[in-house]
Amino acid sequence: CVIDENILIEYVETHIEIFHNNRIMNISNLKLANILKHKNPYLFRAKNILTAGELIKNILDAHLSSAEETMFGEFLETLAIYICGMIYGGVKSSSPGIDLEFNKENKRYIVSIKSGPNWGNSRQTAKMIDDFNRAARIIRSNNKETTVIAINGCCYGKDDKPDKGSYYKLCGQRFWEFISGDEEMYTKIIIPLSYKAKEKNDNFYAEYAKLINSFTAEFIQDFCDKGIINWNKLLKFNSGKADSNKS
């Protein structure tokens, strides 16, 4: 079974619009106070940032980068499940920590999907293995003869030693081929991602510019004295005890 490329393109173009809309929605809902509370003021002081505009751009870009990585990761996970569903009848798993389940060559595959290969530390990897073991026990409780294979699928990147003992780590081309049976699937999904990209990015950056200006004016009013950033005041807001913020 091979996916009709027109159907694939239509799916990607439709769902990449959702990603772009979520980007704009994300910045439209931002509050300066919330961002300032979650960023490291010591880091920005160490970078010798002197202007409010530069500081606002730095903290906003850091926030947006993290948020976009999460949103785009969710898009790729949804796309992978869709493709696998078309080819192998793959479904979104109901097991905690498992994203995808499907049968292939008389084996049951349980898949935890991550954006890239460097997604977690040893503790997070251990939790993934626990999730694999729990899901496998549930599957075997219904049929003890079922061969269950655990896969950590990474949407981009490389790992030339996929056998990790208790699971396999398939990255980039290997992962997309595994869930689709198509060696070139990883290249086929890249072209439709650019659908309306310029239009969507122009809309995004128009909102981004408005937010930079608005946040800069708000920051100058609340955290600057005679045009100079008051780092002590910012630090108290970010890290001070409740009573110290009154001073």
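Residues numbered from 1 in each chain as written. Predicted model: local features only at pLDDT ≥ 70, side-chain atom pairs only at ≥ 80, totals over all residues. Heavy atoms only, no water.

A.B. asks: So what's going on with the packing of aromatic side chains? Which residues, and what values?
C.D. replies: A full pass over the atoms with the stated rule returns 14 aromatic pairs. A centroid spacing of 5.2 Å and a plane angle of 80° characterise the contact between Phe204 and Tyr205, whose relative ring orientation is edge-to-face. On the basis of relative accessibility, which here comes to 2%, the residue Phe204 falls in the buried class. For the pair Phe204 and Tyr208, a centre-to-centre distance of 6.3 Å together with 25° between the ring planes defines the contact as stacked. Taken together, the positions of Phe204 and Tyr208, both in helix H8 (residues 197-223) and four residues apart, correspond to about one turn of that helix. Both residues of the pair, Phe204 and Tyr208, belong to the buried class. Each residue in the set Tyr88, Phe102, Tyr109 and Phe178 is aromatic and connected to the rest through ring pairs, giving one cluster. In this structure, Arg23 packs its charged tip against the face of Phe204, placed 3.9 Å from the ring centre. (Phe/Tyr/Trp six-rings, centres within 6.5 Å; stacked < 30°, edge-to-face > 60°. Buried < 20%, exposed > 50% of the residue type's maximum accessible area, 1.4 Å probe, protein only. Helix = DSSP H or I, 4+ residues; strand = E, 2+ residues; numbered from the N terminus. Lys NZ or Arg CZ within 6 Å of the ring centre and 35° of its normal.)

A.B. asks: Can you explain the packing of H8 against helix H9 (residues 231-239)? Please cite residues and give values.
C.D. replies: At a closest axis distance of 9 Å, the pairing of H8 and H9 adopts a crossing angle of 100°. One way to sum up the angle between H8 and H9 is to call them roughly perpendicular. On H9, the residues touching Phe219, Asp222 and Phe223 of H8 are Lys233, Leu234 and Phe237. Grouping the constituent residues of the contact of H8 with H9 by class yields four nonpolar, no polar and two charged. (Axes fitted to C-alpha atoms, helices over the stretch in contact; angles between N-to-C directions. Parallel < 35°, antiparallel > 145°, perpendicular 65-115°, else oblique. Contact = heavy atoms within 4.5 Å. Nonpolar A, V, L, I, M, F, W, Y, C, P; charged D, E, K, R; others polar.)

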